[in-house]
Amino acid sequence: MLDIKYIREHLETVKTRLERRGQGTADALDGLLIPEEERRRCLSESEMLKNKKKKLSAEVGRLKQQGQEATREMEEVKTINATIKELDDKSAACEDQILQTLLGIPNLPDDSIPDGADESANQEVRLWGQKPELSFAPKTHVEIGEKLGLLDFKRAAKIAGSRFAVYKGVGAELLRGLINFMIDVQTRENGYQELYPPFLVNKESMQGTGQLPKFEEELFKMRDDPYYLIPTAEVPVTNFHRDEVLKEESLPICYTAYTPCFRREAGSYGKDTAGLIRQHQFDKVELVKFVRPEQSDTELESLVQNAESILQKLGLHYRVVVLCAGDMGFSAAKTYDLEVWLPSQNTYREISSCSNFTDYQARRAKIRYKKGDSKPEFVHTLNGSGLAAGRLFVAVLENFQQKDGTVRVPEALRPYLHGQEVIGKAH
RNA sequence: GGAGAGGUGGCCGAGCGGUUGAAGGCGCACGCUUGGAAAGCGUGUGUAGGCUAAUCCCCUACCGAGGGUUCGAAUCCCUCCCUCUCCGCCA
């Protein structure tokens, strides 16, 4: 959420910056200032009356204690109360209108990111490793996975529906191995503390990180209970500190969490229908940071590197791109995507998205820190995938596939598979 | 799910219709004291909003949340949420 005060004082700047996300993004701002003026007018008028009321009531008390008549004072308060109620109702209505508008306005893009309307304007920042040289036509992860008995999409469709998968045997083991490997690297080497949060959260949490109210159709919602399935661990982990004032010396706070993620994928009909790329349920190890505002730029860089370290240890070729203003998510100010090379698709596919949300989520979720003796300030929040396990599974199968149809297990992963060096050999 | 107890400031804990943002204690900060420290003494110590050049004043709100009664509510009434104990159920 943007700061109404800042908008009031820097309207043109805010407009210009928002418009970078796309024409019309800033239109909502126009409906903001009039109710804001009205709200403040009603508020100060009401407060003046409340002050008068307080004094009169005290006077009534004093008079009654002395056994004197106070009817005139009591009548006057009654009259004042009616006006106060009117003013308070009006300012509450304005406030709600302002809040609803603000919740629908995205974060300001960072000045450092490129202009552009869609992913074609994203810029490659760096490239790591190189494409594997395969002496044969690469198979897709679906072909490999089904042939080696690692994946079963048919039965998944039977028990749940489309966009679900069953990992089985060594496939299940590989998935678990990848998850554990990622958590271990993030906790033991990159300094994150592990959290294992609820996968169902309330609407306050969804609003805190920006999924609600605008993106409800992308979420799975319980019918009989007020819960939503999390679309990413970002939600429970960022909201871990909702409505809190953190100690300055505790920052930066870095958490990592493994959770399954649930997404309706409404509006993506026909897109990535085959395989593990786009599922209603997938697994992810997430990285979340709470930092001092002046540190968030550098903390984003290190968070990206922490995510990259997984790909590097596995020896997977990838590139880092910075998203342009038009392609970036609603709450983010700056986003880097990690895209891993997929031989079967002959392209790079997103496997991680790392963002600096500046104070946007912090203001929604009221996450602050106390700076010395001065007033609490909003922290900056960041998060990124470290990484998406399903897509990493895809990348491992496809990049390490061998001519004989087996898959080589990258060395870093072998301890997680009981030392197994090749998948599919026995078959 | 049933029965009961409870939610007050950083923490503990009073208050149970009137001048209480809230006694007292602990903690913390600063000062005095001291060779130094402890003890002791003194002062201060919440958040949000409005006003403002201002994190100074001043004003308003906040005692789990939301309503209500009243001239006046932390205190009375209603609804909801959360925590704890016991019972039931259960991985």
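Criteria and thresholds
- Residues numbered from 1 in each chain as written.
- Chains lettered and ligands numbered in written order.
- Predicted model: local features only at pLDDT ≥ 70, side-chain atom pairs only at ≥ 80, totals over all residues.
- Heavy atoms only, no water.
- Domains from an automatic or database assignment.
- Contact = heavy atoms within 4.5 Å.
- Buried area = accessible area lost by both parts, 1.4 Å probe.
- Salt bridge = Lys/Arg side-chain N within 4 Å of Asp/Glu carboxyl O.
- Nonpolar A, V, L, I, M, F, W, Y, C, P; charged D, E, K, R; others polar.
- Patch = residues over 30% accessible without salt bridge, like charges linked within 9 Å, V, L, I, M, F, W, Y side chains within 5 Å.
- Areas by Shrake-Rupley, 256 points an atom, 1.4 Å probe, with all protein chains shown as cover.
- Lys, Arg positive; Asp, Glu negative; His and termini not counted.
- Charge placed at Lys NZ, Arg CZ, Asp CG, Glu CD.
- Helix = DSSP H or I, 4+ residues; strand = E, 2+ residues; numbered from the N terminus.
- Buried < 20%, exposed > 50% of the residue type's maximum accessible area, 1.4 Å probe, protein only.
- Near = heavy atom within 4 Å.
- Polar contact = N/O pair within 3.5 Å; in protein donor to acceptor, adjacent residues only side chain to side chain.
- Axes fitted to C-alpha atoms, helices over the stretch in contact; angles between N-to-C directions.
- Parallel < 35°, antiparallel > 145°, perpendicular 65-115°, else oblique.
- Left-handed = near helix turned anticlockwise from the far one by under 90°.

Asker: Pulling in residues and values, what's your account of the domain arrangement of chain A?
Answerer: When the domains of chain A are assigned, the result is domain 1 (4-103) and domain 2 (119-423). Between the C-alpha centres of domain 1 and domain 2 the distance comes to 43 Å. Across the boundary between the two partners, domain 1 contributes five residues, which contact ten residues of domain 2. Carbon and sulfur atoms supply 47% of the area that domain 1 and domain 2 bury against each other, a total of about 600 Å² over both sides. The largest share of the area that domain 1 buries against domain 2 comes from Arg 20, Arg 21 and Leu 103, three residues that together contribute 90% of it. Applying the counting criterion to the domain 1 and domain 2 interface returns zero salt bridges. The residue makeup of the side of domain 1 that touches domain 2, split by class, is two nonpolar, one polar and two charged.

Asker: Help me get a handle on a negative patch on the surface, residues and values and all.
Answerer: On the surface, Asp 118, Glu 119, Asp 327 and Glu 350 cluster together to form a negatively charged patch. Locating Asp 327 in the fold gives a position in the loop between strand 10 (318-322) and strand 11 (334-342). The exposure class assigned to Asp 327 is partly exposed, which follows from its relative accessible area of 30%.

Asker: Kindly report on the protein's contact with RNA strand B, identifying the contributing residues and their values.
Answerer: Residues in close proximity to RNA strand B total 24 residues, the closest being Asn 51, Ser 57, Val 77, Arg 368 and Lys 370. Looking at RNA strand B alone, sugar and phosphate atoms form 71% of those within 4 Å of the protein. The separation between a base nitrogen of RNA strand B and a polar side-chain atom of Glu 47 is 3.0 Å. In the environment of RNA strand B, a phosphate oxygen lies 3.3 Å from a nitrogen or oxygen atom belonging to the side chain of Lys 54. Counting only elements with at least two residues in the surface near RNA strand B, the list comes to helix 1 (4-9), helix 3 (33-65), helix 4 (71-103) and strand 13 (367-370). In terms of residue class, the surface near RNA strand B is made up of five nonpolar, six polar and 13 charged.

Asker: Residue-level account of the packing of helix 7 (residues 170-189) against helix 10 (residues 296-314), with values.
Answerer: Where helix 7 contacts helix 10, the two axes come as close as 10 Å, and the packing angle between them is 125 degrees. When the interaxial angle is binned, helix 7 and helix 10 end up oblique. Between helix 7 and helix 10 lies a crossing whose hand is right-handed. Residue-level inspection shows Leu 178, Phe 181, Met 182, Val 185, Gln 186 and Glu 189 of helix 7 in contact with helix 10, the latter providing Asn 306, Ala 307, Ser 309, Ile 310, Lys 313 and Leu 314. Residue composition of the contact of helix 7 with helix 10, grouped by class: seven nonpolar, three polar and two charged.

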